[in-house]
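Summary of structural features
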Amino acid sequence: MKLFNYIKRYLFKETKNIIFYLLLSFIIWLSNLIIPLLVGRFIDGILVTKSYGYIYNFTIITLMMTLISVICGYILNLIKTNITLKISKNIKLNVSNHIWHSNESKLNSINRAYLSQRVVNDSDSIVIYTINNISEMIINLLTFIFIQIVVIKMNFNIGLFLILTIPIYSLIYIKFKKDIF
């Protein structure tokens, strides 16, 4: 939590890019859910309907969905790199300013090349870790909600049971987490 509190001021400066990044992540997630459903319906349709028009239509739809997913993935990687570079640059500048204004005798006793390398590597790692965790958390939450809706529509009792086991699992984890770790 301390890491997020430290980096959130840098994240808020890139709010528009992060929102666009999360939107593209959502589109890719949605297409990854839809494409297997389309392929399943396509196979079912081939068994029932033997027309070429049906095959062409589904092929074009699947091709378009896959193409959209690939293009969004490419743009997503560009945006992620851009966000990472901007936030990492700001962190490096702030840490460098802090080091520059620190005690000079301490600074002379430290290898400057090593210190510079550590600042660069650590700031990059922090930014990548935070951005990946934020997007993964949102995608996992959406996946969980989607799966719960599908399970509830299939069988209400099983869906209700799964929803009720989550607080029980959380309580068990909280009770035994100190013993495990």
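In case you missed it, the structure is sitting above this.
Residues numbered from 1 in each chain as written. Predicted model: local features only at pLDDT ≥ 70, side-chain atom pairs only at ≥ 80, totals over all residues. Heavy atoms only, no water.

What to know about the packing of helix H2 (residues 15-48) against helix H5 (residues 112-154)
Each pair of packed helices gets described by two things: the angle between the helix axes and the distance between those axes. Here is the rule we go by: Every angle, taken between N-to-C directions, lies between 0 and 180 degrees, and every axis is a line fitted to C-alpha atoms, over only the stretch in contact when it is a helix. Think of it this way: any DSSP run of H or I at least four residues long counts as a helix, any run of E at least two long counts as a strand, and we number them from the N terminus. Angles below 35 degrees are treated as roughly parallel, those above 145 as roughly antiparallel, those between 65 and 115 as roughly perpendicular, and all remaining angles as oblique. Handedness of a crossing is defined here by the sense of rotation of the near helix relative to the far one, left-handed for an anticlockwise turn of less than a right angle and right-handed for a clockwise turn. Working rule for contacts: check all heavy atoms of both residues, and any pair within 4.5 Å makes them a contact. When residues are sorted by character, Ala, Val, Leu, Ile, Met, Phe, Trp, Tyr, Cys and Pro go into the nonpolar class, Asp, Glu, Lys and Arg into the charged class, and all the rest, Gly among them, into the polar class.
Two elements in contact, H2 and H5, have axes separated by 11 Å at closest approach and are oriented at 40 degrees. With respect to H5, the element H2 is oriented oblique. Like other packed secondary-structure pairs, H2 and H5 cross with a definite hand, here right-handed. Within the contact between the two elements, H2 uses Tyr 21, Leu 22, Ser 25, Phe 26, Trp 29 and Leu 33 and H5 uses Ile 131, Asn 132, Ile 134, Ser 135, Ile 138, Ile 139, Leu 142, Thr 143 and Phe 146. The class makeup of the residues in the contact of H2 with H5 is 11 nonpolar, four polar and no charged.

A look at the packing of aromatic side chains
So the rule is basically this: In this analysis, rings of Phe, Tyr and Trp, with Trp reduced to its six-membered ring, are considered paired at centre separations within 6.5 Å, and the interplanar angle assigns stacked below 30 degrees, edge-to-face beyond 60, and tilted for intermediate values. Partly exposed residues are those whose accessible area sits between 20% and 50% of the maximum for their type, while under 20% is buried and over 50% is exposed, using a 1.4 Å probe and protein chains only. Placement of a charge over a ring requires the Lys NZ or Arg CZ to be within 6 Å of the ring centre, with the centre-to-atom vector within 35 degrees of the ring normal.
One pass over the full model with this rule turns up six aromatic pairs. Centroid distance Tyr 54 to Phe 58: 4.9 Å. Interplanar angle 45 degrees. Geometry classified as tilted. You can see Tyr 54 and its partner Phe 58 sitting in helix H3 (residues 52-100), four residues apart, about one turn around the helix. Its relative accessible area of 14% is what places Phe 58 among the buried residues. Chaining the aromatic ring pairs together yields one cluster made of Phe 26, Trp 29 and Phe 146. Looking at Lys 175, its charged tip hangs above the ring of Phe 176, at a distance of 5.7 Å from the centre.

Notes on the pattern of salt bridges
Stated formally: Take a side-chain nitrogen of Lys or Arg and a carboxyl oxygen of Asp or Glu: if they are within 4 Å of each other, that pair is a salt bridge.
Going through the model one piece at a time under the given rule, you end up with two salt bridges. The partner of Asp 124 in a salt bridge is Lys 92, and the shortest N-O contact between them spans 3.4 Å. Placement of Asp 124 in helix H5 and of Lys 92 in helix H3 is noted, with a sequence separation of 32 residues between them. The class of Lys 92 is partly exposed, set by a relative accessible area of 23%. Two residues, Asp 122 and Arg 118, come together in a salt bridge whose shortest N-O distance is 3.2 Å. Placement of both Asp 122 and Arg 118 in helix H5 is noted, with a separation of four residues, approximately one turn of the helix.

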